[in-house]
Amino acid sequence: QVQLVESGGGLVQAGGSLRLSCAVSGLRFSTNVMGWYRQAPGKQRELVAYISKVGTIVSADSVKGRFTIARDNAKNTMYLQMNSLKPEDTAVYYCAADKSSIAMPNMVDYWGQGTQVTVSS
């Protein structure tokens, strides 16, 4: 019933930009905390950024100043604008939603299928 569908991934050169989208259905989007995670080969899945229902944003140090997370409650869609991309940003990026609504917990309620982002040098 609940679906989170990512789009916008692809192959870009270092220094380039991508915008990821996460379309959400089947849940109360406006009351959920929404976030982006990524997982590179051989590494643990890590939090990139999340945004609460009131717009509070927390970002990983590795992406501060380069990535921007946003949500559009009217469209039930979350975005991740990625600028100044680096090869180390290469990973599968996952959309996540949680009913806590305040902050992203260790165990997330819902996950998307992921979209591949590859940054070449």
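Note: the structure precedes this text.
Below or above, wherever it landed, is the structure these notes cover. Everything quoted here is computed from the prediction, not taken from an experiment.

1. A short note on the nonpolar core
One finds Met34, Trp36, Leu80, Met82 and Tyr93 to be the most contacted residues of the largest nonpolar core, which totals 28 residues. At the level of secondary structure, the elements contributing two or more residues to this core comprise strand E3 (18-25), strand E4 (33-39), strand E5 (46-51), strand E7 (67-72), strand E8 (77-82), strand E9 (91-98) and strand E11 (115-120). If you look at the next biggest cluster of nonpolar residues, it comprises six residues, including Val33, Tyr37, Tyr50 and Met104.

2. Comments concerning the sheet that holds E3
Spatially, four strands are ordered E1-E3-E8-E7 in an open sheet, and the strand pairing comes out antiparallel. The open sheet is flanked by strand E1 (3-7) and E7, the only strands paired with a single partner. Looking at each pair of strands side by side, their axes are set apart by 15° on average, direction ignored. Bridge count between E3 and E8: six bridges; the pairing is antiparallel. In the sheet register, Ala23 faces E8, and the bridge partner there is Thr77.

3. Details of the side chain of Thr115
Looking at where Thr115 falls in the secondary structure, it is placed in strand E11. Exposure remark for Thr115: the relative accessible area of 11% places this residue in the buried category. Engagement of the side chain of Thr115 in a polar contact is seen with the backbone nitrogen of Gly9, the distance being 3.3 Å. Residue contacts for Thr115: discarding those within four places in its chain leaves Glu6, Gly8, Gly9, Leu20, Ala91, Val92 and Tyr93.

Calculation rules
Residues numbered from 1 in each chain as written. Predicted model: local features only at pLDDT ≥ 70, side-chain atom pairs only at ≥ 80, totals over all residues. Heavy atoms only, no water. Core = buried A, V, L, I, M, F, W, Y, C linked by side-chain atoms within 4.5 Å. Buried < 20%, exposed > 50% of the residue type's maximum accessible area, 1.4 Å probe, protein only. Helix = DSSP H or I, 4+ residues; strand = E, 2+ residues; numbered from the N terminus. Pairing = 2+ DSSP bridges. Axes fitted to C-alpha atoms, helices over the stretch in contact; angles between N-to-C directions. Polar contact = N/O pair within 3.5 Å; in protein donor to acceptor, adjacent residues only side chain to side chain. Contact = heavy atoms within 4.5 Å.

So, to be careful, I would describe these as geometric facts and stop short of saying anything about function.
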